[in-house]
Amino acid sequence: EANDNITWEIARKGNFGFELGIFDKLTVEVDYFNDYRYNILMNRASIPTTMGLTTTEKANVGEAKSHGIEGSLNFSKDFGRSTWMVVRANFTYATSEYVVYEEPIYAESYRQHVGLSLNQRTGLIAERLFIDDAEVTNSPLQTYGEYMAGDIKYRDVNGDGKITNADAVPIGYPTTPEIVYGFGASFGHRNIDLSCFFQGSARSSFWIDPSATSPFSGETQLLKAYADSHWSEDNRDLYALWPRLSSTVI
């Protein structure tokens, strides 16, 4: 049955900026922007399982905001005799965060999404690899399948004696860069011109998919990085890039 209470997401946007030109040579543009979205469609987390629902209920309960600043600079000069030069640069900073997020009130405050970026990843903290089976026995229980010496040892963040989803914390920066910048120049003389432009980004994290790079999984080849740094009985490197060879990725 259709849910007639579901409606459109609503956004309020603002943009303020100015442009400055000096002697037809230097142009500076600066813009500030903000965005507030509400009625975001999300899965309901406050409905108890005792209601017997077979599908996940959704509602327009989420709210999020973002803001940032972007600027550009352009300088041009004509030297005469068909010779000219242009120098340009740009910079953008943008960030976002959840304001309202449908979720339980966790005992661990780091599990709450409110205040986190919309593109923030969370996960378990890998301390190193297990030394031997004795350490496995005397460490917090990891509830993600079988494991042994050479497998990843995760940190018990909340100290409850076991490794669960409650130990997942925000890791790194958002997956979308919060800073993007670039600069370049063009130079011309008569029928010859030369241009170059450099672009970069910052405050973002790139994640390697272990299931896609796992050695001997499907048609995946053994990467040299894993061949050069992996745990084995002959080389018990506790900080190896790849843990004990296994048919599963943990």
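For the structure itself, look to the data block above.
Figured I'd write up the structure that's included with this text. (Residues numbered from 1 in each chain as written. Predicted model: local features only at pLDDT ≥ 70, side-chain atom pairs only at ≥ 80, totals over all residues. Heavy atoms only, no water.)

What about the overall build of the protein chain?
The secondary structure content of the protein chain amounts to three helices and twelve strands. The globule rule puts the C-alpha radius of gyration for 250 residues at 18 Å, and the 26 Å found for the protein chain is more than 25% above it. Taking the principal axes of the C-alpha coordinates as reference, the protein chain spans close to 80 × 60 × 35 Å. By residue count, 24% of the 250 residues in the protein chain fall in the buried class. Taking all contacts inside the protein chain whose residues are at least 6 apart in sequence as the whole, residues at least 24 apart take part in 55%. Surface summary for the protein chain: the accessible area is close to 16900 Å², and the carbon and sulfur share equals 55%. Taking the 21 positively charged and 33 negatively charged side chains of the protein chain as two groups, their mean positions are separated by 8 Å. (Helix = DSSP H or I, 4+ residues; strand = E, 2+ residues; numbered from the N terminus. Rg over C-alpha atoms; globule rule 2.2 N^0.38 Å. Buried < 20%, exposed > 50% of the residue type's maximum accessible area, 1.4 Å probe, protein only. Contact = heavy atoms within 4.5 Å. Areas by Shrake-Rupley, 256 points an atom, 1.4 Å probe, with all protein chains shown as cover. Lys, Arg positive; Asp, Glu negative; His and termini not counted. Charge placed at Lys NZ, Arg CZ, Asp CG, Glu CD.)

Concerning the sheet that holds strand S11 (residues 179-189)
Within the open sheet, the six strands sit side by side as S1-S2-S3-S4-S11-S12. Their pairing is antiparallel. Of all the strands in the sheet, the pair left with one neighbour each is strand S1 (10-22) and strand S12 (192-202). Adjacent strand axes in the sheet meet at a mean angle of 10° when their direction is disregarded. Relative to S11, strand S4 (residues 83-100) is paired through eleven bridges, and the arrangement is antiparallel. Its bridge partner lying in S11, methionine 85 is registered against phenylalanine 187. (Pairing = 2+ DSSP bridges. Axes fitted to C-alpha atoms, helices over the stretch in contact; angles between N-to-C directions.)

Description of the nonpolar core
Residues Leu129, Ala149, Ile152, Tyr154, Ile163, Trp231 and Ala240 constitute the largest nonpolar core, which totals seven residues. Apart from residues lying up to four places away in sequence, tryptophan 231 is in contact with Leu129, Phe130, Ala149, Gly150, Arg236, Asp237, Ala240, Trp242, Pro243 and Arg244. (Core = buried A, V, L, I, M, F, W, Y, C linked by side-chain atoms within 4.5 Å.)

Examining the pattern of salt bridges
Applying the stated criterion to the full structure yields twelve salt bridges. Among the salt bridges present, the one from glutamate 178 reaches arginine 203, with a minimum N-O distance of 2.7 Å. One end of the pair, glutamate 178, is in the loop between strand S10 (169-170) and S11; the other, arginine 203, is in the loop between S12 and helix H2 (210-213), and 25 residues separate them in sequence. With relative accessibility at 7%, the residue glutamate 178 sits in the buried group. Arginine 203 sits in the partly exposed class, given a relative accessible area of 35%. Residues joined in a network through salt bridges with shared partners are Glu9, Lys13, Asp35 and Arg37. (Salt bridge = Lys/Arg side-chain N within 4 Å of Asp/Glu carboxyl O.)

Any functional reading would require information beyond the geometric quantities listed.
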